[in-house]
Amino acid sequence: MEKIDTEGNSAFSEEFDFEESENLLLGLDQSQLHAVTLEQEPLAILAGAGSGKTRVLTRRIAWRAVKGKEDPRRVLALTFTRKAAGELRSRLSRLGLRDQIAAGTFHSVAYAQLRIYWQDRGIKEPTLLTNKISFVTNLLPRDKRSTDTLDVVAEIEWAKARRISPETYFAEAEKHERTPPLALQEVSNIYKSYEELKTERRFLDFDDLLSYCAKTIRSDRSFGEAQKWRFRNFYVDEFQDVNPLQFSLLSAWLDGRSSLCVVGDPNQAIYAWNSAEADHLIRFTEHFRDSTV
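Each value, and the rule that gives it
- Residues numbered from 1 in each chain as written.
- Predicted model: local features only at pLDDT ≥ 70, side-chain atom pairs only at ≥ 80, totals over all residues.
- Heavy atoms only, no water.
- Salt bridge = Lys/Arg side-chain N within 4 Å of Asp/Glu carboxyl O.
- Buried < 20%, exposed > 50% of the residue type's maximum accessible area, 1.4 Å probe, protein only.
- Axes fitted to C-alpha atoms, helices over the stretch in contact; angles between N-to-C directions.
- Helix = DSSP H or I, 4+ residues; strand = E, 2+ residues; numbered from the N terminus.
- Parallel < 35°, antiparallel > 145°, perpendicular 65-115°, else oblique.
- Left-handed = near helix turned anticlockwise from the far one by under 90°.
- Contact = heavy atoms within 4.5 Å.
- Pairing = 2+ DSSP bridges.
- Phe/Tyr/Trp six-rings, centres within 6.5 Å; stacked < 30°, edge-to-face > 60°.
- Expected span 1.5 Å × (residues − 1).
- pLDDT = per-residue confidence, 0-100.
- Core = buried A, V, L, I, M, F, W, Y, C linked by side-chain atoms within 4.5 Å.
- Right-handed = clockwise from strand over helix to strand, strands pointing away.

## Things to note about the pattern of salt bridges
- Using the criterion set out here, one finds 21 salt bridges in the structure.
- The salt bridge partner of Arg-73 is Asp-71, with a shortest N-O separation of 2.9 Å.
- Owing to a relative accessible area of 26%, Asp-71 belongs among the partly exposed residues under this scheme.
- Close ionic contact of Arg-121 with Asp-220 constitutes a salt bridge, the shortest N to O distance being 3.3 Å.

## Details of the packing of helix 4 (residues 106-120) against helix 9 (residues 206-219)
- Two elements in contact, helix 4 and helix 9, have axes separated by 9 Å at closest approach and are oriented at 55°. Between helix 4 and helix 9, the interaxial angle falls into the category oblique. Between helix 4 and helix 9 lies a crossing of left-handed hand. Contacts from Phe-106, His-107, Ala-110, Tyr-111, Gln-113, Leu-114, Tyr-117 and Trp-118 of helix 4 reach helix 9 at Phe-206, Asp-207, Leu-209, Leu-210, Tyr-212, Cys-213, Thr-216 and Ile-217.

## Looking at the sheet that holds strand 3 (residues 102-105)
- Pairing within the open sheet is parallel, and its five strands lie in the order 1-7-6-2-3. Each end of this open sheet is capped by a strand with a single partner; those strands are strand 1 (43-46) and strand 3. Taken pair by pair, the neighbouring strands of this sheet meet at an average axis angle of 15°, ignoring direction.

## Some words on the packing of aromatic side chains
- In the structure shown here, the tally under the stated rule is 12 aromatic pairs.
- Their ring planes at 35° and their centres at 5.5 Å tell us that Phe-80 and Phe-106 sit as a pair that is tilted. With Phe-80 in the loop between strand 2 (75-79) and helix 3 (82-94) and Phe-106 in helix 4, this pair connects stretches of sequence that are 26 residues apart.
- Judged by its relative accessible area of 16%, Phe-80 falls in the buried class.
- Between Phe-135 and Phe-203, the ring centres sit 5.7 Å apart and the planes meet at 45°, which makes this aromatic pair tilted.

## Quick notes on helix 8 (residues 184-201)
- Here helix 8 spans 26 Å end to end across 18 residues, near enough to the 26 Å set by a 1.5 Å rise per residue.
- Taken together, the buried positions of helix 8 are occupied by Leu-184, Val-187, Ser-188, Ile-190, Tyr-191, Tyr-194, Glu-195, Leu-197 and Lys-198.
- Here the buried face of helix 8 lies against helix 5 (132-137), helix 6 (149-161), helix 7 (166-175), strand 5 (203-204) and helix 9.
- With its phi angle positive at about 60°, Arg-202 sits one or two positions after the end of helix 8.

## Brief notes about the confidence of the model for the protein chain
- This prediction gives the protein chain a mean pLDDT of 88; 89% of its residues lie at or above 70.
- Scored below 50 in pLDDT, residues 1-20 shows 54 contacts in the model against residues more than four places distant or in partner chains.

## Examining helix 4
- The terminal C-alpha atoms of helix 4 lie 21 Å apart, and with 15 residues this matches the ideal 21 Å at 1.5 Å per residue to within 8%.
- All of the buried residues in helix 4 are Phe-106, Ser-108, Val-109, Ala-110, Tyr-111, Gln-113, Leu-114, Tyr-117 and Trp-118.
- A positive backbone phi angle near 65° is found at Gly-122, which sits one or two residues after helix 4.

## What to know about the nonpolar core
- If you look at the biggest cluster of nonpolar residues, it comprises 37 residues, and the most contacted ones within it are Phe-106, Val-236, Phe-239, Leu-249, Leu-250, Trp-253 and Leu-260.
- Where this core is concerned, the elements lending two or more residues are strand 2, helix 4, helix 9, strand 6 (233-236), helix 11 (244-254) and strand 7 (260-264).

## Focus: the pairing of strand 7
- Across the five residues of strand 7, five count as buried, placing the element largely inside the fold.
- A two-sided burial pattern is seen for strand 7, the buried positions comprising Leu-260, Val-262 and Gly-264 on one face and Cys-261 and Val-263 on the other.
- Here strand 6 pairs with strand 7 via three bridges, running parallel. Looking across to strand 7, one finds that Tyr-235 is bridged to Cys-261.
- As for the winding sense of the linkage, the β-α-β connection from strand 6 through helix 11 to strand 7 is right-handed.

## Remarks on the environment of Arg-64
- As for its position among the elements, Arg-64 is in helix 2 (residues 53-66).
- In this structure the C-alpha to C-alpha distance between Arg-64 and Val-36, which are 28 residues apart in sequence, comes to 8.5 Å.
- The residues contacting Arg-64, other than those within four sequence positions of it, are Leu-38, Glu-39, Glu-41, Lys-69, Glu-70 and Tyr-235.

This is the structure in structure tokens:
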């Protein structure tokens, strides 16, 4: 898991002297300049490959911080891989923002928040399931274990990313014309057994981190208020890759607030296998009222 900052002290690097905020706008073309300085939120920035999406996102964070529009200690920048999160932190650091910007994947941020929640309430931390293959293998028919485990795991991940329960899997899989290697009812039964076994052994998988965090934010008032206080401004890179489960957690973090900026390109969606939906970006104005694209 990448490091998640949970404190945040000084706003800017002591080695970096912002003589004027316009320094952050140097080298931007007109469309990039517009995207960095536009006041409206929620805001979606559509940009193709090679057009400087991450550059615009990090410049916007830094520009709004130096202008006093946002406290960098209250900013959460989200992406989908540890490598991309590291790149975000590196770029923000070069712009003068130090470690006070929390940047990470949906999973790492959710896990960090939940660990604080469990610790504060004296709850024994569940075990994180890092090897689904061995866990699922024993749930399959013996003659299928060497060939179909990976596909069944992928099917479970597809369902969980879409927030589909074992009870509704059959109907949803049929509707989406899913073709796993085993019969849909058999996959449904395996999925149910998988969830029950995890609960029995107090395991959480990576998708559970997202659903559990969202549920806890909504059901535990003090925890939810603490997260709302901690993070007030949200940025998401490569928003075309968000899936329904991640979108649900983002909505829980926002809790109706408008302080969201996303960047992405509908034509670059690469996580369709895991239920990512460019629809969240394409229909941004329908998902977020009074938003701007």
